[in-house]
Amino acid sequence: MVKVHPGGRGNTPGRGDILKLSLTSKKTGTGDLLTQKTHSSRWLEKLKHEKWNKAKKQMLLFQKAQSKVATSQSSKSHQMLQSTSIKKISTAKKIKPLGKQQQVRPMALTSKQKVPIVATPVVKEKSPKDELLEAEMVEQQWTPPEKLLEDKEGNRYEDAQLSVRCYMEASVFVGDVDQAQRCLNSHHRHLSRRKLLSISAYNIMLRAWAKRGSLNQTFRLFGMIEEAGLKPNISSYCLSTGCIQQMETDGISMDDLFRLCVFRQDEREMVLRAIRTVQPDFQPQTLAGRLLCPSPLVHSFYTERDKAQYSKLAFGETELQKRFARQLAMEQASCVTIDSVEAIKPVTEQMRELLASQRVHWRKALLQALKDSKLILSTSNQKTWRMNLYPYLCLLDNHEYVDIMLQGLSNLQPSGESLLLMAKELGTRVYNKFCIRQKGHSQMVDKLGRIYYEYLQLLATDVLPRERWSDLEGQFSTGPSLLGDDTHWPHVLVVQLGTFFVDLMVRELKVQNDILSPNEERKLIPVLYHMYTFRSNRQVGFIKPHPVLTQMLSGAMETKLTFDSYVMPMLCPPVPWTSPQFGAYLLTPTKLMRTVEGAIQHQLLLEKCQEHELHAVLDSLNQLGNCAWKINQRLLDMIISIFNEKGNEKLDIPPPVTEAPEIPRFKYNDQSYTSTEKAHLKREAVKAKKKVAEMHSLRMDALYKLSIANHMRDKVFWFPHNMDFRGRTYPCPPYFNHLGSDVTRAILLFAEGKPLGPHGLDWLKIHLVALTGLKKRSSLAGRLEYANSIMEDILDSADNPLTGRKWWINADEPWQTLACCMEIADATRSPDPTVFISHFPVHQDGSCNGLQHYAALGRDVIGATSVNLMPCDVPQDVYSGVAQQVEEFRTRDAEKGLKIAQVLQGFISRKVVKQTVMTVVYGVTRYGGRLQIEKRLKEIDDFPKEYIWDASHYLVHQVFNSLKEMFTGTREIQDWLTESARLIAKSGSTVEWVTPLGLPIVQPYHRTRNQLLKSNIQFLSLQISHDASQRPDTVKQKNAFPPNFIHSLDSTHMMLTALYCYSAGLTFVSVHDCFWTHAVTVDTMNKVCREQFVSLHSQPILQDLSTFLLQKYCSGTPGDSKHKKFLEYWRMMQLLAKVPQTGQYSSLFFD
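Analysis parameters
- Residues numbered from 1 in each chain as written.
- Predicted model: local features only at pLDDT ≥ 70, side-chain atom pairs only at ≥ 80, totals over all residues.
- Heavy atoms only, no water.
- UniProt positions renumbered as here; feature names shortened; annotations may be inferred.
- Helix = DSSP H or I, 4+ residues; strand = E, 2+ residues; numbered from the N terminus.
- Buried < 20%, exposed > 50% of the residue type's maximum accessible area, 1.4 Å probe, protein only.
- Contact = heavy atoms within 4.5 Å.
- Areas by Shrake-Rupley, 256 points an atom, 1.4 Å probe, with all protein chains shown as cover.
- Phe/Tyr/Trp six-rings, centres within 6.5 Å; stacked < 30°, edge-to-face > 60°.
- Lys NZ or Arg CZ within 6 Å of the ring centre and 35° of its normal.
- pLDDT = per-residue confidence, 0-100.
- Polar contact = N/O pair within 3.5 Å; in protein donor to acceptor, adjacent residues only side chain to side chain.
- Pairing = 2+ DSSP bridges.
- Axes fitted to C-alpha atoms, helices over the stretch in contact; angles between N-to-C directions.
- Parallel < 35°, antiparallel > 145°, perpendicular 65-115°, else oblique.
- Nonpolar A, V, L, I, M, F, W, Y, C, P; charged D, E, K, R; others polar.
- Arc of directions from axis to C-beta.
- Core = buried A, V, L, I, M, F, W, Y, C linked by side-chain atoms within 4.5 Å.
- Salt bridge = Lys/Arg side-chain N within 4 Å of Asp/Glu carboxyl O.
- Disulfide = S-S within 2.5 Å.

You'll find the protein entered in an unreviewed UniProt entry as DNA-directed RNA polymerase, with Denticeps clupeoides given as the organism. Recorded in UniProt for the protein, the comment headed Catalytic activity (unreviewed entry) runs: "RNA(n) + a ribonucleoside 5'-triphosphate = RNA(n+1) + diphosphate". According to its UniProt record, the protein has this under Sequence similarities (unreviewed entry): "Belongs to the phage and mitochondrial RNA polymerase family."

Below is the structure:
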């Protein structure tokens, strides 16, 4: 146990400060202490020399600053501000730095909090002493911009730093601690590379040597930490078994040690035994009480629990434990093989046997090549400190790497795949398997099982799932931590590792050229080819399978599909999100906030938040993930039958590739074709190849979804949820979920059934009419009346879907319409429809949700009425309203003799303008809107094609004018958001804000940098646009801010609705702005939805945003008032403070 002197930032421990404690029972002789004394003396001498040089340089700077002040007695105040860039040694009392609880962090501000507005500087004469003191104060109060790629302890998270830490962790994991130490020593020894090290890198080695009981190495590492100018953190003390005196000096308690540190295996018990040799009565204490989420929007949700009626899981404890065991086994295997729903065609067993024998040869070839490559890399790895892939090739067993490569071969499309994408998939599979193996190595799986069993017993009580899990973690505090502290692999490393495997596959996978047909010259040919192709004017590497392989896979017609385990829905309720680092799957690593590969600034921003500030966000994700689902088997069987009968494009079931148009074949040197004919045939061939690729992609997507659904047909399952950087929620399984197409939504049912009640059947009928796309301008009563009038068609569709009148086929959402017809038929034919148990989800969709938020923000009466925020006799349709107003503009222009207005007579419809109206709120430009309208006009057969460009240009102009009249405040708010983001990005900062629910958001748009990745197969040029160390991309930042801000409000409203529906006992899920629940609870959900929308927009959202942006970007020193940057700063400050004015009717939709 190491004691660190309180006199410095982690001074080297001396002999007298050593407490004879260790993480192991290994005894250490006095020789180690004598050796350590020599090391300590050398490190201290070097440190004293560096401190003396530093003090000398600071004194020189101080003298220069004094002389400069003395010669500028008549200088203006802005000159004083310039001198603040020089460091000075001040004898004045320094301002005490802010503590953890006082530090400024991105938190939602209220309009009552005021940010001081800097007035225009007034020039005054000041004495040199006053100027020096004021400069010192400005320097001490200056708040540098927050570094996005640093955590709370100053650890850097750029690719270079992450690569070093990952290499050291991998070396330690495979047992090569000496190589990890050599890597650390080399980077520490060279100052240019020392900047790649942070305290976490030294902690990796502290843990490794502490586990081996080497005090000598531990002492040396503390000396290196001090020499690097770093300060040991709580993990450093824990890994070296700490020092009570030094920890207390640094403000760290023993309880913090056990509450904040991550333990593996039996480390916690070993640290506790070590501490009790000094404090025999010590017992770790947990925090008493719970901190509430500070957002006023959820205050009643957390404080008024006596009225809550949480929905309960209708499953027995034993059944849920069995489900947990099956889910755990699937994740430990990291993949699952299921039956394909594709009908088995006549195949010969000879082809399957041939493919199986080839796979045996390929496995042997890959295994031997992998061993040879590892042998070469291991030799170079021992001779130099330089990092290579050798440690990463030892993390798993050799056969596991081979399995990953063969799985990649089976999943390769006949048209091929880009090298970058294929490498990323292979590297990601290795990383996921390594993470799962790490958790098994740390012995946390048993503890996870014990906590999960207890969690299931009281899952649906008056305690929230997150709170229940946290309490159980406190009860089962012994043993390893469930939360890991290993470094996430950077995107570059994942691609580099995957490229190595692709190169191995291209080199080693071969087949005889006469395996399928006789050939005079018998030789081995590669199964995969590396080639180059052009995509968007960029040359990219491409991996293409040989036609022999494609023919073998097609002829064998394998009836199995292999997926990664995270692709499948969960067989048991997900682990609740308790922090940004833990939740969702049992073992598979999952991010709380999904981002572009390699972008980690979002995760770091979440981890800087206080735990209780994210409780509402985490609880809403847990509520969505706890909804249980099952399959509509009758509908699934019908869809699979059509899928195997060459599909049906009208019903969104893609046909097989055999139905694709034939690709024109011709010899380019054939003289019988003219150059014009050759050019035409070449274009047709390209078009046909593109069509084949699209059909194959759609077919495989449908095959995956239907096969997964068929595999889950008799099971109950769950979709764990996470969110994007704007807060919009998504199910984690990528293929099969309720966010999918009409087909996948139609075959999903709630696992829990509820009686329809007195109004449930009416809501089913109203929902049916909404799915058809008819009666959009009718009231709810009108829709119900229409549904009752077509009951004969509804029942015929349910009874004879493929042989009857087929009324359902012409609906906007045909498969969901058919599923609803079946539910209505079953309910009406039951003895009492009010007690009929319904599992069917009923949807309530927003009316152009983005415009609803803009209308609420701007208090636009006309706009609010058009998007159903104001009471109306019949539902309003904003798309029809815009189309009607555009028609009025067209009529006026046609009367004036405008030709294009006359041509458009009779062609302006809701469908033509809908997409543009829907996306204008999300930042679509006039150019993009014109393309959207052009596409709609091309779909009209009768419209003259020669007028399409002029017509689309005219219509997009009229659509924007119509929206400007209807939503008077929308454009003003959009312009304010856009210009604010432009000035913020121009100042060198990325745009950040905090949602009303407390979720911090940062836009990941930065200037693109190219990174060259060298490999044997090809040099890859990676275009990285999310690197937070680069300057922001001003264009993307300003264009994305308005839609992203509205998306964040939309997600906030959904989360609030989810929480309050959960407390009301409702089953609730969402597809962004479309909310789902049982038919019996639609009225309750609608009431909650409206109440939370009103509650959200009762907050001064724009004022709070302005206050936050001012505090974030305008709280520093502007500098020289005559400098160009000062003028930009001043302009930005004035703009951020000028909140757009809202409409006069301030009580809009709040009465």
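Asker: Where do I start with the overall build of the protein in this structure?
Answerer: When you go through the protein residue by residue, the secondary structure sums to 42 helices and 24 strands. Looking at the protein as a whole, 53% of its 1151 residues are labelled buried. Considering only contacts within the protein whose residues lie at least 6 apart along the sequence, 75% involve residues at least 24 apart. About 53,800 Å² of surface is accessible on the protein, with carbon and sulfur atoms providing 52% of the total.

Asker: Got a minute to help me understand the packing of aromatic side chains in this structure?
Answerer: What describes a pair of aromatic rings is the distance from one ring centre to the other and the angle between the planes of the rings. Within this structure, the stated rule accounts for 32 aromatic pairs. When the centroid spacing of 5.6 Å and the interplanar angle of 65 degrees are considered together, the rings of Phe717 and Phe719 count as edge-to-face. Looking at Phe717, the relative accessible area reads 0%, which means it is buried. Overall, the relative accessible area of 0% leaves Phe719 in the buried class. Over the aromatic face of Phe643 sits the side chain of Arg699, whose NZ or CZ is 3.6 Å from the ring centroid.

Asker: What is the right way to read the confidence of the model for the protein from this model?
Answerer: Caution applies to low-pLDDT regions: their predicted coordinates should not be interpreted in detail. The pLDDT averaged across the protein works out to 81; a share of 82% of its residues lies at or above 70. Confidence drops under a pLDDT of 50 for residues 1-43, and excluding neighbours within four residues, the segment shows 86 contacts in the predicted structure. The low-confidence segment residues 1147-1151 (pLDDT under 50) makes 17 contacts with residues lying over four places distant or belonging to another chain.

Asker: I keep staring at the side chain of Asp159 and nothing clicks. Help me out?
Answerer: Following the sequence through the fold, Asp159 ends up in helix H4 (residues 159-173). Among the polar contacts made by the side chain of Asp159, one reaches the side chain of Arg1009 at a distance of 3.4 Å. The residues contacting Asp159, other than those within four sequence positions of it, are Pro490, Val492, Arg1009, Gln1011 and Ile1024.

Asker: Just to check I follow, could you spell out unusual backbone geometry for this structure?
Answerer: Peptide bonds are mostly trans, and most non-glycine residues show a negative phi. Positive phi outside glycine occurs at Gln265, with the angle close to 50 degrees. Mapped onto the fold, Gln265 is located in the loop between helix H11 (254-260) and helix H12 (267-276). With a phi close to 65 degrees, Ser334 is a non-glycine residue in the positive phi region. For Ser334, a relative accessible area of 11% translates into the label buried.

Asker: Sorry if this is basic, but what is going on with the sheet that holds strand E24 (residues 1074-1077) here?
Answerer: Backbone-to-backbone hydrogen bonds join strands into a sheet, with any given pair of strands oriented parallel or antiparallel. Within the open sheet, the 3 strands sit side by side as E18-E24-E23. Their pairing is antiparallel. The open sheet has two free edges, formed respectively by strand E18 (842-845) and strand E23 (1069-1071), since each of these has just one partner strand. With direction set aside, neighbouring strand axes in the sheet form an average angle of 25 degrees. Examined bridge by bridge, E23 and E24 share 3 bridges and lie antiparallel to one another. Paired with Val1071 across the two strands is Cys1074, which belongs to E24.

Asker: Whenever I open this one, the pairing of strand E22 (residues 1020-1024) confuses me. Can you help?
Answerer: Look at any regular strand and the pattern is simple: side chains alternate between the two faces of the sheet. Burial along E22 is one-sided: Leu1020, Leu1022 and Ile1024 are buried, and none of Ser1021 and Gln1023, which face the opposite way, are. Remark: 6 residues form the turn of the hairpin made by strand E21 (residues 1009-1013) and E22, two consecutive strands paired antiparallel.

Asker: Explain the sheet that holds strand E6 (residues 538-545) to me, please; I cannot follow it from the model alone.
Answerer: Taken together, 3 strands build an open sheet; the order of strands is E2-E6-E5 and the sheet is antiparallel. Of all strands in the sheet, those with a lone pairing partner are strand E2 (417-418) and strand E5 (528-535), marking the two edges.

Asker: Would you take a moment to explain the packing of helix H17 (residues 419-441) against helix H20 (residues 491-508) for this structure?
Answerer: Geometrically, a packed helix pair is captured by the angle between its two axes and the distance between the axes. In the contact formed by H17 and H20, the axes pass within 7 Å of each other and the chain directions differ by 105 degrees. Looking at the two axes, H17 sits roughly perpendicular to H20. Contacts between H17 and H20 involve Leu419, Leu420, Met422, Ala423, Lys424, Leu426, Gly427, Thr428 and Val430 on the former and, on the latter, His491, Val494, Val495, Leu497, Gly498, Thr499, Phe501, Val502 and Met505. Here the residues of the contact of H17 with H20 are counted per class, giving 12 nonpolar, 5 polar and 1 charged.

Asker: Got a minute to help me understand helix H35 (residues 910-920) in this structure?
Answerer: In an α-helix there are 3.6 residues to a turn, and that puts residues three or four apart on one side. Three or more residues of H35 are buried, namely Val912, Val913, Thr916, Val917 and Val920. Summarising the axial view, the buried residues of H35 lie within an arc of 100 degrees, below the 170-degree limit, and thus occupy one face. Turning to H35, the residues buried within the fold contact helix H31 (849-858), helix H33 (878-895), helix H36 (926-938), helix H37 (948-966) and helix H38 (968-986).

Asker: Can you walk me through the nonpolar core in this structure?
Answerer: If you look at the biggest cluster of nonpolar residues, it comprises 136 residues, and the most contacted ones within it are Leu586 and Phe1045. The leading source of residues in this core is helix H39 (residues 1034-1063), at 13 residues. Not counting chain neighbours up to four residues away, the residues in contact with Phe1045 comprise Leu857, Leu977, Trp993, Ile1101, Leu1102 and Leu1105. Ranked by size, the runner-up nonpolar core spans 78 residues in total, among them Val177, Trp209, Trp362 and Ile543.

Asker: Whenever I open this one, the UniProt feature "repeat: PPR" (unreviewed entry) in the protein confuses me. Can you help?
Answerer: Here, the residues flagged by UniProt with the feature "repeat: PPR" (unreviewed entry) are residues 198-232. Strand forms 0% of residues 198-232 and helix 77%; the C-alpha atoms that close the span are 10 Å apart.

Asker: I tried to follow the environment of Ala819 on my own but got confused; where do I start?
Answerer: Relative to the helices and strands, Ala819 is located in helix H30 (residues 814-828). Separated by 21 residues in the primary sequence, Ala819 and Ala798 have C-alpha atoms spaced 7.9 Å apart. With residues near it in sequence (within four places) discarded, Ala819 still touches Asn632, Leu635, Ala746 and Phe840.

Asker: I tried to follow the pattern of salt bridges on my own but got confused; where do I start?
Answerer: When charged atoms on two side chains of opposite charge get close, those side chains can pair. Under the counting rule described, the total for this entry stands at 38 salt bridges. Glu659 is the salt-bridge partner of Lys646, the closest N and O atoms lying 3.6 Å from each other. Of this pair, Lys646 sits in the loop between helix H24 (633-643) and helix H25 (675-711) while Glu659 sits in the loop between H24 and H25; the two residues are 13 residues apart in sequence, bridging distant segments of the chain. Note on Lys646: relative accessible area 52%, which makes it exposed. Lys986 serves as the salt-bridge partner of Glu1128, at 3.7 Å between the closest nitrogen and oxygen. You can see Glu1128 sitting in helix H42 (residues 1124-1137) and its partner Lys986 sitting in helix H38, a full 142 residues away along the chain.

Asker: Could you clarify how one ought to interpret the packing of H4 against helix H7 (residues 199-212) in this entry?
Answerer: Taken N-terminus to C-terminus, the directions of H4 and H7 make an angle of 10 degrees; their axes are 10 Å apart at the nearest point. Comparing the axis directions of H4 and H7 gives the class roughly parallel. Contacts between H4 and H7 involve Arg165, Met168, Glu169 and Val172 from the former and Ser200, Ala201, Ile204, Met205 and Ala208 from the latter. Residue classes in the contact of H4 with H7 are distributed as 6 nonpolar, 1 polar and 2 charged.

Asker: Whenever I open this one, the environment of Gly583 confuses me. Can you help?
Answerer: Examined against the element boundaries, Gly583 turns out to sit in strand E9 (residues 582-584). Given a relative accessible area of 10%, Gly583 falls into the buried group. On a C-alpha basis, the gap between Gly583 and Leu621 in space is 9.9 Å, while along the polypeptide they are 38 residues apart. Each residue touching Gly583, except ones within four places of it in the same chain, is listed here: Val575, Pro576, Trp577 and Thr590.

Asker: Can you walk me through the state of the cysteines in this structure?
Answerer: Covalent bonding between the sulfur atoms of two cysteines is what defines a disulfide. According to the stated counting rule, one finds 0 disulfides in the structure shown. As a non-bridged cysteine, Cys820 has Cys821 as the owner of its nearest cysteine sulfur, 6.5 Å distant. Residue Cys820 is classed as buried on the basis of its relative accessible area of 0%. Its sulfur unpaired, Cys1061 is 8.1 Å from the next cysteine sulfur, which belongs to Cys1089.

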